[in-house]
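Each chain is listed here by its residues.
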Amino acid sequence: MKYVIGNWKMNLGIRESIAMARVALRSLQGKEDVPVVVICPSATALSEVRKVVARTRIELGSQNIGPGKAGAYTGELGGTQLQDVGVTYAIIGHSERRQAGEDEAILPKRFAAAFEVGITPVLCVGEPAEIRAGSASAQYVREQVRRALKGVAVPRGKRFLVAYEPIFAIGTGTSASVPHTLEIIEHITAVLLELGFDDVPVLYGGSVNAQNVYSYLREPQISGVLVGSASVQPQEFPGIVASACDVMSAQKDI
Ligand code: PGA
């Protein structure tokens with residue numbers, strides 16, 4: 001299975017979100033072998049977007065999840081609230097949240113909140129340019145994975161995803177090379193196994209667009225893509241989904 005997750009970030013009003021959700025929906029029309037497509041609008045648009053994607057093959061995602069089901073956490077979205085609005089996936093630990101000062105120590109609580117309400121967490125990890133320049137990427141990302149999953153127990157029947165999103169590739173127009181991505185994903189998979197988690201899909205994210213997406217998706221070790229800017233562009237996102245569908249049908253033929 002491949003995953004295409006669109007992270008709309010702090011973009012699109014309600015009407016634009018509805019329109020973009022329809023674009024995503026149309027991109028699956030008539031397709032048989034489809035990836036899991038998740039769109040993550042801003043919280044303000046979740047309930048309207050839900051009306052568009054309910055009972056379709058598009059999943060609704062949130063850009064974060066609070067450190068609990070409910071409670072005194074100003075500015076957070078509780079697990080129960082997200083479940084209530086039909087969210088089934090939640091991005092956690094995105095580098096833009098980390099850069100805004102979010103402490104990694106909260107991530108295990110976000111995992112727990114997601115599992116409690118049946119939402120699949122998508123943990124983002126990735127190194128900045130200076131770490132890459134110093135050839136210290138693998139160690140850096142391994143430690144991020146360890147810290148985020150500290151004490152995390154995955155309940156039976158639940159799962160999570162990891163997205164490798166190097167900071168130097170996010171929003172820069174310069175994606176990470178496929179060999180570098182594969183190398184780091186191998187490390188992520190290894191550290192996940194050391195921690196007792198197997199079969200965790202690992203995605204790539206960072207300046208993915210309709211032109212370069214296939215080079216990632218065709219690699220069996222890359223289970224999908226987390227897409228930012230191109231996911232709010234009606235002329236880009238369908239091409240990304242189409243590539244994922246192509247890879248899915250090709251895999252079926254093997
Ligand atoms: P980008 O963002 O595709 O705009 O680089 C990816 C992300 O931050 O998830």
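Anyway, here's the lowdown on the structure attached to this text.

Rules and cut-offs
- Residues numbered from 1 in each chain as written.
- Predicted model: local features only at pLDDT ≥ 70, side-chain atom pairs only at ≥ 80, totals over all residues.
- Heavy atoms only, no water.
- Helix = DSSP H or I, 4+ residues; strand = E, 2+ residues; numbered from the N terminus.
- Buried < 20%, exposed > 50% of the residue type's maximum accessible area, 1.4 Å probe, protein only.
- Contact = heavy atoms within 4.5 Å.
- Areas by Shrake-Rupley, 256 points an atom, 1.4 Å probe, with all protein chains shown as cover.
- Lys, Arg positive; Asp, Glu negative; His and termini not counted.
- Charge placed at Lys NZ, Arg CZ, Asp CG, Glu CD.
- Core = buried A, V, L, I, M, F, W, Y, C linked by side-chain atoms within 4.5 Å.
- Near = heavy atom within 4 Å.
- Polar contact = N/O pair within 3.5 Å; in protein donor to acceptor, adjacent residues only side chain to side chain.
- 1 Å grid on protein atoms, 1.4 Å probe; cavity = no way out; pocket = protein on both sides within 12 Å on 5 of 7 lines; lining within 4 Å.
- Sits in = over half its atoms within 2 Å of the grid points.
- Nonpolar A, V, L, I, M, F, W, Y, C, P; charged D, E, K, R; others polar.
- Salt bridge = Lys/Arg side-chain N within 4 Å of Asp/Glu carboxyl O.
- Pairing = 2+ DSSP bridges.
- Axes fitted to C-alpha atoms, helices over the stretch in contact; angles between N-to-C directions.
- Parallel < 35°, antiparallel > 145°, perpendicular 65-115°, else oblique.
- Left-handed = near helix turned anticlockwise from the far one by under 90°.

1. Details of the overall build of the protein chain
Regarding its fold elements, the protein chain presents ten helices and eight strands. Judged by the C-alpha coordinates and their principal axes, the protein chain covers about 45 × 45 × 35 Å. Every one of the 254 residues in the protein chain was classed for burial, and the buried ones make up 53%. Sequence separation of at least 24 residues holds for 73% of the intrachain contacts in the protein chain that already meet a minimum separation of 6. By element, 50% of the accessible surface of the protein chain is carried by carbon and sulfur atoms, the whole surface being about 11500 Å². With 25 positive and 25 negative side-chain charges, the protein chain shows a separation of 6 Å between the mean positions of the two kinds.

2. What about the nonpolar core?
Core analysis: the largest hydrophobic core is formed by 70 residues, its most contacted members being Ile 39, Phe 111, Phe 160, Val 162, Ile 188, Leu 192 and Val 225. With seven residues, helix 8 (residues 178–194) is the single largest residue contributor to this core. Listed in part, the 13 residues of the second largest apolar core include Ile 5, Val 38, Cys 124 and Leu 203.

3. Remarks on the site of the ligand
With respect to spatial proximity, 13 residues lie near the ligand, and among them Lys 9, His 94, Gly 171, Ser 207 and Ser 229 are the closest. Contacts to the ligand include Ser 207, whose backbone N or O atom sits 2.7 Å from an oxygen atom. Between the ligand and the protein, one listed contact pairs an oxygen atom with a backbone N or O atom of Gly 228 at 2.8 Å. Taking 280 Å² as the accessible area of the ligand by itself, protein coverage stands at 99%. Applying the majority rule of atoms within 2 Å of the grid points places the ligand in the largest cavity. Class assignment for the residues of the shell around the ligand results in four nonpolar, seven polar and two charged.

4. As for the pattern of salt bridges
In the structure shown here, the tally under the stated rule is ten salt bridges. Across the pair Arg 110 and Glu 76 runs a salt bridge, and its minimum N-O distance is 2.9 Å. With Arg 110 in helix 5 (residues 107–117) and Glu 76 in the loop between strand 3 (58–62) and helix 3 (79–84), this residue pair connects regions lying 34 residues apart in the sequence. The shortest N-O distance in the salt bridge between Glu 104 and Arg 98 comes to 2.9 Å. Each member of the pair, Glu 104 as well as Arg 98, is classed as buried. Because the salt bridges share partners, they merge into one network encompassing Glu 76, Arg 97, Glu 102 and Arg 110.

5. Quick look at the sheet that holds strand 2 (residues 36–40)
Taken in spatial order, the eight strands close into a barrel running 1-2-3-4-5-6-7-8, and their pairing is parallel. Looking at each pair of strands side by side, their axes are set apart by 25° on average, direction ignored. Sitting on the sheet, helix 2 (residues 46–53) is in contact with strand 2 and strand 3, with an inclination near 170° to strand 3.

6. Notes on the packing of helix 1 (residues 14–27) against helix 2
Packing of helix 1 against helix 2 leaves a shortest axis separation of 9 Å and a crossing angle of 30°. In terms of orientation, helix 1 lies roughly parallel with respect to helix 2. Viewed along their axes, helix 1 and helix 2 form a crossing whose handedness is right-handed. Of the residues in helix 2, those in contact with Ile 14, Ser 17, Ile 18, Ala 21, Arg 22 and Leu 25 of helix 1 are Glu 48, Val 49, Val 52 and Val 53. Among the residues forming the contact of helix 1 with helix 2, the class breakdown is seven nonpolar, one polar and two charged.

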